[in-house]
Structures are given as C-alpha cells and as structure tokens.
Amino acid sequence: MEEEKWHYIKDGVLPNTELGRAHVTVAYINAYENPCGMDCCFDGTNFVYWDYKSSVGWKNVDIFGKIYAWKYQEELPPIPNDLN
C-alpha cells in the first residue's frame, strides 16, 4: 500500500495536505549520525514535530536538514460498535 511506503525527500515527494494536515512518520539522522524515526505532521509547508505534550521543532521543506524520508502513519482501527 502507498501508506506503508517510505518516500525519500531527495525525490521531491511531499505528503498530501488536501485535508489540512498529513500525519506522517519521518526518518532522520540525529546529531550522532544515527538513523531515527519520529511521528509528526506535515502542514503543507513544514514537518511539525511533537512529543506527548508540546511542539519540539520545525523543519522547512526547502531545508530539510537531516530528514531523509517520510511515510504516512498507519490508520487507526475502526471504532467497535459495542464501545459502551
């Protein structure tokens, strides 16, 4: 599926933001040159990082820094009928 596929920044492919924001996972290289992953969103201009409570940074699309790939986050499971 397209949602499970990694897209490389070098290829110029960005997340679809027709519905406002795209929730994605990014792959990046940290300060110690290790590959890492982080969930974030793409708002049409920036990848916006967050942790559990706060925004932790931005990357502009034309200066990605060390982000090298992204993919759409997995879809949530359907809501069960007997949620009560």
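Before reading further, recall that the structure is shown in the block above.
Heads up: these notes are all about the structure in this document. (Residues numbered from 1 in each chain as written. Predicted model: local features only at pLDDT ≥ 70, side-chain atom pairs only at ≥ 80, totals over all residues. Heavy atoms only, no water.)

## So, the overall build of the protein
When its secondary structure is counted, the protein shows zero helices and six strands. Scanning the protein from its N terminus toward the C terminus, one meets helices and strands in the order β-β-β-β-β-β. Residues classed as buried in the protein amount to 26% of the 84 residues present. Total accessible area on the protein is roughly 6500 Å²; 53% of this is exposed by carbon and sulfur atoms. (Helix = DSSP H or I, 4+ residues; strand = E, 2+ residues; numbered from the N terminus. Buried < 20%, exposed > 50% of the residue type's maximum accessible area, 1.4 Å probe, protein only. Areas by Shrake-Rupley, 256 points an atom, 1.4 Å probe, with all protein chains shown as cover.)

## Description of the environment of Ala-69
Relative to the assigned elements, Ala-69 resides in strand 6 (residues 67-72). In this structure Ala-69 comes out as buried when scored by relative accessible area, which is 1%. Considered as a pair, Ala-69 and Thr-25 are 44 residues apart in the sequence and their alpha carbons are 8.6 Å apart. Not counting residues within four places of it along the chain, the set of residues in contact with Ala-69 comprises Trp-6, His-7, Tyr-8, Ile-9, Thr-25, Val-26 and Ala-27. (Contact = heavy atoms within 4.5 Å.)

## Describing the pairing of strand 3 (residues 35-42)
Bridging between strand 2 (residues 22-29) and strand 3 involves eight bridges; their strand directions are antiparallel. Of the residues in strand 3, the one forming a bridge with Val-26 is Met-38. Taken together, strand 2 and the strand that follows it, strand 3, pair antiparallel across an intervening segment of five residues, in which Glu-33 is found at a positive phi of about 65°. (Pairing = 2+ DSSP bridges.)

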